[in-house]
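Reading the structure
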Amino acid sequence: MYTKEEIFNTIKDILVKDFGCDEAKVKIESALVEDLDLDSIDAVDLIVKLQSKINQKVNPEDFRQIRTIGDVVDAVEKIVNNNH
């Protein structure tokens, strides 16, 4: 089981270290495209990196409607906490 805070911190770590995002801009309400300048390829890369962190397969369909970091946190929480 992962808490939303743990999931957020993992996502934040990936965005800062692997995508070069400004840590100050990485907030739960930050929009991936508008605030962090991520594109669709970055989104796929983020999903791949999250899969390795949570050791579970992620269905890209679960991420179709994602717009903010909070949306990512919610989607990942559903995956990790419902599969146990």
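Numbering of residues begins from 1 in every chain and follows the order in which that chain's sequence is written. Given that this is a predicted model, residues contribute local features only at a pLDDT of at least 70 and side-chain atom pairs are listed and counted only at 80 or more, while totals for whole chains, interfaces and linings are drawn from all residues. Calculated side-chain values reflect all of the structure's heavy atoms, with hydrogen atoms and water omitted.

1. Here's the deal with the nonpolar core
Side chains that are nonpolar tend, in soluble globular proteins, to be buried together. In terms of nonpolar packing, the biggest core is built from 25 residues, with Ile11, Leu15, Leu36, Phe63, Ile69, Val72 and Val76 touching the most fellow members. Numbering goes from the N terminus for both helices and strands, where a helix is a DSSP run of H or I of at least four residues and a strand is a run of E of at least two. Going through the elements one at a time, helix H1 (4-19), helix H2 (40-54) and helix H3 (69-82) are the ones with two or more residues in this core. Element by element, the count of residues in this core is highest for H3, at seven residues. It only takes one pair of heavy atoms within 4.5 Å for two residues to be counted as in contact. Those residues in contact with phenylalanine 63, other than ones at most four positions away along the chain, are Ile47, Val58, Val72, Ala75, Val76 and Ile79. By nonpolar core we mean a set of buried residues, namely Ala, Val, Leu, Ile, Met, Phe, Trp, Tyr and Cys, connected to one another through side-chain atoms within 4.5 Å. Burial status follows relative accessibility: with a 1.4 Å probe on protein chains alone, a residue under 20% of its type maximum counts as buried, one over 50% as exposed, and anything between as partly exposed.

2. Notes on H3
A helix is expected to span 1.5 Å for every residue after the first. Taking 1.5 Å of rise per residue, 14 residues should cover 20 Å, and H3 covers 20 Å from first to last C-alpha, within 8% of that figure. The set of residues buried in H3 consists of Ile69, Gly70, Val72, Val73, Ala75, Val76, Ile79, Val80 and Asn81. Looking at the buried positions of H3, the neighbouring elements they touch are H1 and H2.

3. Examining the side chain of serine 30
Note on placement: serine 30 falls in the loop between H1 and H2. Within the structure, the side chain of serine 30 is placed 2.4 Å from the backbone oxygen of lysine 25, a separation counted as a polar contact. In the analysis that follows, any N or O atom pair within 3.5 Å is treated as a polar contact, provided that within protein one partner can donate a hydrogen and the other can accept it, and provided that, for residues neighboring in sequence, both atoms belong to side chains. A polar contact of 2.9 Å, which involves the side chain of serine 30, links it to the backbone nitrogen of lysine 27. Excluding its chain neighbours within four sequence positions, the residues that come into contact with serine 30 are Lys25, Asp35, Leu36, Arg67, Thr68 and Ile69.

4. Observations concerning the environment of leucine 32
Turning to its location among the elements, leucine 32 is positioned in the loop between H1 and H2. The exposure class of leucine 32 is buried, given its relative accessible area of 9%. The spatial distance from the C-alpha of leucine 32 to the C-alpha of valine 72 is 9.5 Å, given a sequence separation of 40 residues. Sequence-distant contacts of leucine 32, defined by excluding residues within four places in its chain, comprise Asp37, Leu38, Ile66, Arg67, Thr68, Ile69 and Val72.

5. Notes on a negative patch on the surface
A patch consists of residues whose relative accessible area exceeds 30% and which take part in no salt bridge; residues with like charges are grouped when within 9 Å of each other, and nonpolar side chains (Val, Leu, Ile, Met, Phe, Trp, Tyr) when within 5 Å. Residue burial considers only the protein chains on display, and all accessible areas are found by Shrake-Rupley using a 1.4 Å probe. Basic side-chain nitrogens of Lys or Arg form a salt bridge, by our definition, when they fall within 4 Å of a carboxyl oxygen of Asp or Glu. Positive charge is attributed to Lys and Arg, negative charge to Asp and Glu, and no charge count is given to His or to the chain ends. To locate a charge, take atom NZ for lysine, CZ for arginine, CG for aspartate or CD for glutamate. Taken together, the side chains of Glu29, Glu34, Asp35 and Asp37 make up a negatively charged region of the molecular surface. Examined against the element boundaries, glutamate 34 turns out to sit in the loop between H1 and H2. Judged by its relative accessible area of 60%, glutamate 34 is exposed.

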